[in-house]
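An overview of the molecular structure
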Amino acid sequence: MEEKIGVIKEHLKNTKDRELDSFIAKYDTDERAGVVKIVESARKRLDKYHAELDRIEKLKFYENKYSEYEFICGIDEVGRGPLAGPVMAGAVILPKDCDILYINDSKKLSEAKREELYDEIMEKAVACAIGVNTPERIDEINILQATYEAMREAIGNLSKKPDLLLNDAVTIPEVDIRQIPIIKGDAKSISIGAASIIAKVTRDRLMQEYDKMFPEYGFSSNKGYGSVEHIAALKKYGPCPIHRRSFIKKILEDM
């Protein structure tokens with residue numbers, strides 16, 4: 001007795017990408033128009049899956065290049081540009097046989113995809129850590145130095161000491177571990193991309209909590225960046241405790 005087309009469609013929906021070959025082989029000889037369409041959809045998914053495997057393999061270029069190092073750590077930051085909230089750094093050591101797909105520069109991913117990848121990275125990574133620096137510290141020593149401090153904190157918070165650091169663009173002062181700065185590294189290294197996701201998700205969650213405390217600024221949507229609505233609220237209500245005074249000095253002067 002032939003399977004109903006609805007059952008086959010549901011079967012495809014529940015089939016993992018790596019199992020699509022078997023799905024296609026099972027239904028490829030079924031000549032019903034509905035099944036032919038489902039199999040074609042499976043083939044398109046399989047093509048996308050193979051393309052993603054190729055992309056991820058290329059994203060491991062630096063990890064493979066320096067494979068003699070046991071613990072390679074990706075470092076990235078988020079939150080250098082906002083008017084409010086902390087700057088945050090992520091540090092991630094992935095396993096040598098990392099099988100996580102779809103890692104990329106966090107800015108190129110949807111919020112839902114970042115959240116999904118965050119959970120997978122936290123589950124599969126050898127070690128993950130976050131470093132944070134406050135608006136007050138940013139005002140005190142400037143955003144670049146505050147970012148370096150957050151990066152050093154993230155490295156120090158790792159449960160495994162890295163042998164090599166792959167950094168997004170910068171060389172971090174006062175660190176005795178070999179560093180490889182990579183321009184646009186969050187889109188060129190799987191480790192840096194993972195670090196960017198961890199940092200981005202953690203900071204976004206924190207800004208959503210700040211939104212509950214200071215709802216007039218719209219932190220849940222703007223994450224502290226200088227959107228039109230955020231600046232308008234800043235002019236109307238003045239700064240709140242998490243605003244960076246050094247970043248909003250001109251706005252306050254104009255008031």
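The coordinates are above.
Our subject in this report is the structure included herewith. What you see is a predicted model; the values in this text were computed from it and never measured.

All told, the structure shown has 17 salt bridges when counted by the stated rule. Among the ionic pairs, R32 bridges to E2, the shortest N-O distance being 3.7 Å. Note that R32 is positioned in the loop between α2 (20-27) and α3 (33-59) and E2 in the segment before α1 (5-13), a separation of 30 residues in sequence. Overall, R32 belongs to the partly exposed group, its relative accessible area being 23%. Since its relative accessible area comes to 57%, E2 is described here as exposed. Three or more residues joined by partner-sharing salt bridges are found here, namely E2, D30 and R32.

Another aspect to go through is the layout of surface pockets. Counted as a void, the largest pocket has a volume near 430 Å³. Lining the largest pocket are 17 residues, and of these R18, Y49, D99, L101 and E120 lie nearest its centre. Elements with a contribution of two residues or more to the lining of the largest pocket: α3 and α5 (111-124). It is α5 that provides the largest number of residues to the lining of the largest pocket, a total of 5 residues. Classifying every residue of the lining of the largest pocket gives 7 nonpolar, no polar and 10 charged.

What follows is about the pairing of strand β3 (residues 127-133). Burial along β3 is one-sided: A127, A129, G131 and N133 are buried, while C128, I130 and V132, pointing the other way, are not. Examined bridge by bridge, strand β2 (residues 87-93) and β3 share 7 bridges and lie antiparallel to one another. Pairing of V92 across the sheet is with C128, part of β3.

Conventions adopted
Residues numbered from 1 in each chain as written. Predicted model: local features only at pLDDT ≥ 70, side-chain atom pairs only at ≥ 80, totals over all residues. Heavy atoms only, no water. Salt bridge = Lys/Arg side-chain N within 4 Å of Asp/Glu carboxyl O. Helix = DSSP H or I, 4+ residues; strand = E, 2+ residues; numbered from the N terminus. Buried < 20%, exposed > 50% of the residue type's maximum accessible area, 1.4 Å probe, protein only. 1 Å grid on protein atoms, 1.4 Å probe; cavity = no way out; pocket = protein on both sides within 12 Å on 5 of 7 lines; lining within 4 Å. Points joined across faces, edges and corners; volume = space filled by probe spheres on them. Nonpolar A, V, L, I, M, F, W, Y, C, P; charged D, E, K, R; others polar. Pairing = 2+ DSSP bridges.

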